[in-house]
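Next come the chains, spelled out residue by residue.
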Amino acid sequence: MTKDDQAAEQIAMRGLLGEVTADLGVPLARGWEEAFWAVPRHRFLPDRVWLGDGLDSRDRSTDPSGWLSAAYADDSVVTQINDGHDPGEDEPWPSSSASAPSIVFRMLDMLDVKRGHRVLEVGTGTGWNAGLLAHRLGAESVTTVEVDPVLAVQAALNLKKVGLEPEVIGGDGAAGYVASAPYDRIIATCSVREVPRAWVDQARSGGVILTPWESPWVCYGLVRLVVDAEGLASGWFHPHSAFMLMRNQRTDLRIFRDVVRDDHQPDESSTTLPPSAVAGDDWAAQFAIGLQTQDVWRTWHDDPDVDGVSSRLWLATTDATSWAAVDWDGRSNDRFTVWQYGPRRLWNEVEAAHAWWHNVGRPGPERFGLTVKTDGTHAPWLDRPDQMVSRTG
Ligand SMILES: C[S@@+](CC[C@H](N)C(=O)[O-])C[C@H]1O[C@@H](n2cnc3c(N)ncnc32)[C@H](O)[C@@H]1O
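Note that the structure is a prediction, hence the values are computed from the model and not measured.

So what's going on with the overall build of the protein? Which residues, and what values?
Looking only at helices and strands, one finds 11 helices and 18 strands in the protein. For 393 residues, the compact-globule formula gives about 21 Å, and the C-alpha radius of gyration of the protein, at 22 Å, lands near that figure. Each principal axis of the C-alpha atoms in the protein carries an extent, and together these give about 65 × 55 × 35 Å. Considering only residue pairs separated by 6 or more positions, the protein has 58% of its internal contacts joining residues 24 or more positions apart.

Lay out the nonpolar core with the relevant residues and their values.
In terms of nonpolar packing, the biggest core is built from 101 residues, with I209, L315 and A324 touching the most fellow members. In terms of residues, this core owes the most to one element, helix α5 (residues 128-137), which gives six residues. Looking at which domains feed residues into this core, each of domain 1 (3-247) and domain 2 (255-359) gives three or more. Residues in contact with I209, not counting those within four places in the same chain, are I186, V195, W199, V200, A203, L225, V227 and A233.

So, the site of the ligand: which residues are in play, and what are the values?
Around the ligand there are 25 residues in total, and S96, G123, G125, N129 and G173 lie nearest to it. Of all elements in the fold, only β4 (94-98), α5 and β6 (142-146) reach the threshold of two or more residues within the shell around the ligand. Of the residues that constitute the shell around the ligand, the class distribution is 11 nonpolar, 10 polar and four charged.

Could you give me a rundown of the sheet that holds strand β7 (residues 167-170), with the residues and numbers involved?
As a general point, the strands of a sheet are linked pairwise by backbone hydrogen bonds and lie either parallel or antiparallel. If you trace the nine strands from one edge of the open sheet to the other, you get β7-β6-β5-β8-β9-β10-β11-β17-β18, paired in mixed fashion. With partners counted over all chains shown, the strands left at the sheet margins are β7 and β18 (378-382), one partner each. Mean inter-strand twist for the sheet, computed between neighbouring axes without regard to direction, equals 20°. Note: strand β11 (residues 233-238) against strand β17 (residues 368-372), four bridges, orientation antiparallel. Bridge pairing links A233 to V372 in β17. This element, helix α6 (residues 149-161), spans β6 and β7 of the sheet and lies at about 165° to β7.

Tell me about the pairing of strand β14 (residues 311-317), residues and numbers included.
Within a regular strand, side chains alternate between the sheet's two faces. Of all seven residues in β14, six are buried, a share of seventy percent or more. Both strand β13 (residues 296-302) and β14 contribute to a ladder of seven bridges, which runs antiparallel. For R298, the partnering residue across the bridge sits in β14 and is L315. Bridge analysis of β14 against strand β15 (residues 323-328) gives six bridges, and the strand direction is antiparallel. Residue pairing in the sheet places R312 in a bridge with D327 of β15.

Outline the sheet that holds β14, supporting the account with residue identities and numerical values.
As summarised here, the arrangement of the five strands in space is β12-β16-β15-β14-β13, forming an open sheet in which the pairing is antiparallel. Each of the sheet's edge strands pairs with one partner strand only, and the pair in question is β12 (267-271) and β13. The average angle at which neighbouring strand axes cross in this sheet is 20°, direction not considered.

Which residues make up the packing of helix α1 (residues 3-24) against helix α4 (residues 101-111), and what are the values?
At a closest axis distance of 9 Å, the pairing of α1 and α4 adopts a crossing angle of 55°. Taken together, the axes of α1 and α4 are oblique relative to one another. The way α1 lies across α4 gives a crossing that is right-handed. Facing L16, E19, V20, D23 and L24 of α1, the residues of α4 in contact are P101, S102, F105 and R106. For the contact of α1 with α4, the residue count by class is five nonpolar, one polar and three charged.

I'd love a proper account of the environment of D74, names of residues and values included.
By the secondary structure assignment, D74 is in the loop between α3 (64-71) and β3 (77-81). As for D74 and P101, which are separated by 27 residues in sequence, their C-alpha atoms are 5.5 Å apart. Contacts of D74, omitting those with residues within four sequence positions, involve L16, E19, V20, D23, A100, P101 and S102.

Break down the domain arrangement of the protein for me, with residues and values.
We note that the domain assignment places domain 1 (3-247) and domain 2 (255-359) within the protein. A straight line from the C-alpha centre of domain 1 to that of domain 2 covers 34 Å. Counting from both sides, the interface comprises six residues of domain 1 and, opposite them, 13 residues of domain 2. Across the side of domain 1 that touches domain 2, the residue classes break down as four nonpolar, two polar and no charged.

Summarise unusual backbone geometry; cite the residues concerned and give the values.
With an omega of 5°, the peptide bond running from A181 to P182 counts as cis. If you trace the backbone, P182 turns up in the loop between β7 and β8 (183-188). Residue N82 is not a glycine yet carries a positive backbone phi of 50°. Among the secondary structure elements, N82 is positioned in the loop between β3 and β4. By C-beta crowding, N82 is classed as partly exposed, having 14 other C-beta atoms within 10 Å. One non-glycine residue, Q294, adopts positive backbone phi at about 45°. The residue Q294 is located in the loop between α10 (283-293) and β13 in this model. Under the C-beta neighbour-count criterion, Q294 is labelled partly exposed, with 18 such atoms within 10 Å.

Calculation criteria
- In this numbering scheme, every chain counts its residues from 1 along its sequence in written order.
- Where totals are concerned, whole chains, interfaces and linings use all residues; where local detail is concerned, this predicted model gives features only for residues with pLDDT of at least 70, and gives and counts side-chain atom pairs only at 80 or more.
- Helix and strand labels come from DSSP, where a helix needs a run of H or I of at least four residues and a strand needs a run of E of at least two; each type is numbered from the N terminus.
- All radius of gyration figures rest on C-alpha atoms, and the globule criterion is 2.2 Å times the number of residues raised to 0.38.
- With C-beta atoms placed from the backbone, a contact is any residue pair whose C-beta atoms sit within 7 Å.
- Note on terminology: a nonpolar core is a set of buried residues of type Ala, Val, Leu, Ile, Met, Phe, Trp, Tyr or Cys, with members joined through C-beta atoms within 7 Å.
- Working definition of burial: number of other C-beta atoms within 10 Å of the residue's own, with buried at 20 or more, exposed at 12 or fewer, and partly exposed in between, all C-beta atoms being placed from the backbone.
- For the purposes of this description, domain bounds are those given by an automatic or database domain assignment.
- The criterion for a residue being near a molecule or strand is simple: its C-beta atom, placed using the backbone, must lie within 6 Å of it.
- Each residue is assigned to one class: nonpolar for Ala, Val, Leu, Ile, Met, Phe, Trp, Tyr, Cys and Pro, charged for Asp, Glu, Lys and Arg, and polar for all the others, Gly among them.
- Two strands qualify as a pair provided DSSP detects at least 2 bridges between them.
- For helices, the axis comes from a line fit to the C-alpha atoms of the stretch in contact; other axes are also lines fit to C-alpha atoms, and the angle between any two N-to-C directions lies between 0 and 180 degrees.
- Note on terminology: angles under 35 degrees are roughly parallel, angles over 145 are roughly antiparallel, angles of 65 to 115 are roughly perpendicular, and the others are oblique.
- Two helices crossing with the near one rotated counterclockwise from the far one by less than a right angle form a left-handed crossing, whereas a clockwise rotation gives a right-handed crossing.

Following this line, the structure appears as structure tokens:
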């Protein structure tokens, strides 16, 4: 490597450190700043990465400065598409990434690690986060699990090249990793719709579980649970973050392939609640609706080939037995046509969930919490664990 290359890397790293600090609003803790310099992010990225919603590729060999800029921007960098398969004619979609550095350090800060803690990470990806943890705590204190065996092997190599050898396990992180339990801290870097009971069982009393959260309605938020001596895990949601879903919890629904059939006869009605109020830019509304509806998934269809319909919001249960559609004609803002089919009236459920959220003062995710009970059931609450959020359906 030339001196110019080294200088470019140092400048890029310093720039990113400034951005992360600005995002957090406080300087990084000294231990994390030391880890940031000792575990350079670009050493964990493959030579080909993909950026943004359009998944524009950057190749290190043809565009080294574009690749380095991607490594040191405060953005996630996609490091694998389509579970490592060639998408061919299919749409490419991200299946692994190096998360945006500011969220990485925000989560590490929330994890509140201390010397001597044993940590389990679920979702090794490139190995960067595991490397930061291993630098801070000592490699012998860190176990990381990755479901994709190719990524797991590559991450272990990436880590070794910077002199770190935490335990890297190829396997399904939903099962945790019992051989190295108990853990003081469990951090996931893929989102979950349910916190696996194994994580609670493998955490020490007083241990912390921090994971990105999503519902089939919206991918948004983190949840930080503290495990008590009885094996109950409880704690608050936090805003921010959108991570890729844990592989075994994915829903792969397509409306016309899996849900709507030619012989379905939906009921027609109308609503004054705009579909954009429940599935638009209001993250607080979406988060609260997702917590209540739990198994209701949705997708937008712009310009469907239907007379007088400008956009359509589709709703479906994740088991595809009930569905609804809400149409906007592109003009009126106080009347929308609703179609509902199946044993459940999904739009009615979503309207009720929205009305409840509105009536309790439109709380953001930070006013909600979650308890995972000893039988694994999940009980979300508002403000206090005894103020349970009722679920629809
Ligand atoms: C956002 S990436 C992780 C980023 C990573 N921590 C880093 O520093 O590069 C999410 C990862 O979770 C992995 N993953 C998804 N489901 C998993 C599961 N059930 N068990 C373990 N890893 C899983 C994905 O393969 C992907 O590599």
